[in-house]
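Chain residues, written in single-letter form:
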Amino acid sequence: MSEVKSNRQFDIEQILSEMTLEEKCGLLTGAEAFKTRAYKRHHIPALTFSDGPHGLRKQAEGANHLGIGGSIPATCFPTAATVANSWDPSLGEMLGEALGEEAAAQAVNVMLGPGLNIKRNPLCGRNFEYFSEDPYLAGKMAAGYVRGMQKNGLSACPKHFAVNSQEHCRMSVDSVVDERTLREIYLTGFEIVVKEAKPKTIMTSYNRVNGIYANENPHLLKDILKKEWGYDGTIVTDWGGSNDHVEGVRNGSNFEMPSPGLDPVIELVDAVRNGEIEEAVVDQRVAEALELILTTDQVIQNTPDQFDCSSHHQVAEKVAEQSMVLLKNENILPLKPKTKVALIGDFVETPRYQGAGSSLVNPTKLENLKDAVEQTTLQTVGFAKGYERNGAASASLKTEAVNLAKQAEIVLFVMGLDEIKESEGLDRKSMKINENQIEVLREVSEANPNVVVLLCGGSSVEMPWATYAKGILYACLGGQAWATAALRILTGEVNPSGKLAETYPMEYKDVPSAGAFPSRKKTAEYREGIYVGYRYFDKVDAEVRYPFGYGLSYTSFLYSDFEVKPDGVHFVITNTGTRDGAEIAQLYIGMEESAVFRPKKELKGFTKVFLKAGESKKVEIPFDDKTFRYFDVKENGWRVEEGDYTVMIGAHSRDIRLKSIYHIEGSKPANPYEGRDMSCYEVGKVDYISDQQFENLLGRPIPTQEIVIDRNITFNQLNHGRSPIFWLVWLVMTLLMKLSEKSGKPNLNLMFIYNMPLRGLQKMTGGAFSMGMVDALVMEVKGFWIIGIVRFLVELIKNLIRNANMAKRLNR
């Protein structure tokens, strides 16, 4: 065991020596939904967590982690999916610093964010919380956030570690992924944020990774996170994400949240006394926890309990301005002063500015386009709702919109994904926007062809309707100040500079994982391997609507004077237009002749450069340890292959402006897949991969898909059991889910429980259930009703007695 840390203000070793085994074990589980236990006799305060990817969601009294009872007002910044389009880590750092100030004012030690899971598939319900399909961009943006969030000494908490790409059965599904894909795609972002920003806390994901739950996965937590990356902070479960508490502690996890009661405490105490785990391991976890608790508490004690709401609103506005993406402009933007505009769309008055779920922020102030336009030089001829946001058809609303459009010079049509499409606990059914919105847009454009669409949503959508608009501004989910930010871009006060952090396919069927997402089986098989996003589309030269890294400006840029040196690339960018603006230059690396299959190009660097009209600047993008590497599965380590690399500078992944061949010295590895048929991966044709081809990639047999009836069977899988009662529970919940989806308003608690395994009854009920009681319910699901009922009653009595005894020992 490594030496227990000490601090000038407090001696952790001394505190440990004074704590009982029960107290130490009790510190490693939550006492409330967002707080750990406090021990007054040891002067150990409670540690407070709060959701915080794009704004604090500290819960008010009587609230639970999904939002029942509401949360304290906080600034709602643009979501990660939005900010990633800025390609500006310093902007993320500014946002993070504001988050840290609000956390200190609200006495929050740990902000649960940012989220940097890879956007493997456009339909993931939480894509709005994540940065990108590219791990390098995601990692760099997340590192900016974390540096800002921790500037005052509090803790950020990057999440969800790792390979968490779907909401369906997220608490039990097994992500089956080969080691190279795991390292290159799904862990590189976390590696960047750990090494560059040094977060004090990391949250594990709900799912299994190659058969083992993430929170107790020794390969993820011990081999990679701690040993390889040198991480020395704390690890917390996602809420209800602990499967085996003892194994979690053994492998490096510090906190089981939210408030599982005393059952895990008893379990860990018994494990120590029975010799299943050394007390020294528990001591190390407690020491790490105390370091976080005590250092962050000092920050809170020395911080005023208020923050500047107005200045933070301005930060939210600036971030939104720099992150919106101009997708189309047929000489219609920017709008001239006194232009007569019609405002059409339900989102004009009731905006889509954030997603739903645990990240839902109660904003300090919320703008809408209808009010914000009055502060501009534009003249409005009126507002029409146009459509029902839940998809219901309305002839009267459509007629009103068409009539209003005829009165205007320009139509500002606001459309996008409604709330039920983007929520924790539910994946999207398709990439389509509700048909009623498209129908209204079509008829409005026939009445007035001068249409500018403001597109709202946190993930890519199919856009066959783009022909109905002359201009399209992707507002994404722009936070509470989104309306002012959008209007400043539309009127030309701000030159748009955002570029897409994900590819927009022509149709969903073009996505390589489309045929198997979300997995409704026991496992989610990542058969496409490294070919995610543009890595796939560019490899097979697939037509896309908008490429990765794409975005328009009101000015133009020329790239020239390209040099490749050992330290990086050097070139000149010139603003050749008549407006000041910013350009995002992107460094891509490719290697045609390689011992291993590769994408055509991979993002390995970027920079955002502001240029006045006519100005030129010398630009450099440095190489780093990730520029030329790949993961060698045979040697189980990173390698740089010797050979000729194509070094490219692009305005986006399909617009390469500068290119050069550069030779790199390195190793000359043998093909790690020698003897296996990898032809599909060599050419990138991964939209259909056979079992044998996937086993060739994995290097092992594919795990069974059979759903097992045990503690980890989810509520949405109860129809696989033999119990009429639990089958009825499944039926009722399934019908309620469909009603929730139809209404367009997500029922967050229902969606959480629907995807929750039975063990969640112990983990999420504050001690009302023991794991023994859960096992009794499993017996009932299997059809052993009498045995199950008897055992349940016995376990209930045992739980009451054990909890009473442990409570006495903790409170003495």
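Refer to the structure presented above.
It should be emphasised that the depicted structure is a prediction, and the values quoted were computed from it without experimental measurement. (Residues numbered from 1 in each chain as written. Predicted model: local features only at pLDDT ≥ 70, side-chain atom pairs only at ≥ 80, totals over all residues. Heavy atoms only, no water.)

Caption draft 1: Summary view of the environment of Lys782. Following the sequence through the fold, Lys782 ends up in the loop between helix H23 (771–781) and helix H24 (785–811). As a C-alpha pair, Lys782 and Glu349 span 433 residues in sequence and 51 Å in three-dimensional space. Other than its neighbours up to four places away in sequence, Lys782 contacts Ile709 and Arg722. (Helix = DSSP H or I, 4+ residues; strand = E, 2+ residues; numbered from the N terminus. Contact = heavy atoms within 4.5 Å.)

Caption draft 2: Structural context of helix H10 (residues 279–301). Its 23 residues place the ends of H10 32 Å apart at the C-alpha level, agreeing with the 33 Å of an ideal helix rising 1.5 Å per residue. Judged by how many residues are buried, H10 sits mostly within the fold: 17 of 23 residues are covered. (Expected span 1.5 Å × (residues − 1). Buried < 20%, exposed > 50% of the residue type's maximum accessible area, 1.4 Å probe, protein only.)

Caption draft 3: Focus on the packing of helix H11 (residues 309–323) against helix H16 (residues 482–490). Where H11 contacts H16, the axes come no closer than 8 Å and their chain directions differ by 45°. Taken together, H11 and H16 sit at an angle that is classed as oblique. For H11 against H16, the interelement crossing comes out right-handed. Residue-level inspection shows Glu317, Ala320 and Glu321 of H11 in contact with H16, the latter providing Thr484, Ala485, Arg488 and Ile489. (Axes fitted to C-alpha atoms, helices over the stretch in contact; angles between N-to-C directions. Parallel < 35°, antiparallel > 145°, perpendicular 65-115°, else oblique. Left-handed = near helix turned anticlockwise from the far one by under 90°.)

Caption draft 4: Seen up close, the packing of aromatic side chains. Tallying each qualifying case throughout the model produces 29 aromatic pairs. Centre to centre, the rings of Phe347 and Tyr387 are 5.9 Å apart; their planes meet at 85°, and the pair counts as edge-to-face. Note that Phe347 is positioned in helix H12 (residues 346–349) and Tyr387 in the loop between strand S11 (379–384) and helix H14 (395–405), a separation of 40 residues in sequence. Ring geometry for Phe769 against Phe792: centres 6.1 Å apart, planes inclined by 65°, an arrangement best described as edge-to-face. Pair noted here: Phe769 is in the loop between helix H22 (760–763) and H23 and Phe792 is in helix H24, with a separation of 23 residues, a long-range link. Taken as a pair, Phe769 and Phe792 share a single burial class, namely buried. (Phe/Tyr/Trp six-rings, centres within 6.5 Å; stacked < 30°, edge-to-face > 60°.)

Caption draft 5: Quick peek at the nonpolar core. Membership of the largest hydrophobic core comes to 167 residues, with the highest contact counts inside it found for Phe161, Phe413, Val444, Val453, Met463, Trp465 and Trp482. Residues within four places of Val453 in sequence aside, it is in contact with Phe413, Met415, Leu441, Trp465, Ala469, Gly471, Ile472 and Leu473. Listed in part, the 72 residues of the second largest apolar core include Phe49, Val110, Met203 and Phe792. (Core = buried A, V, L, I, M, F, W, Y, C linked by side-chain atoms within 4.5 Å.)

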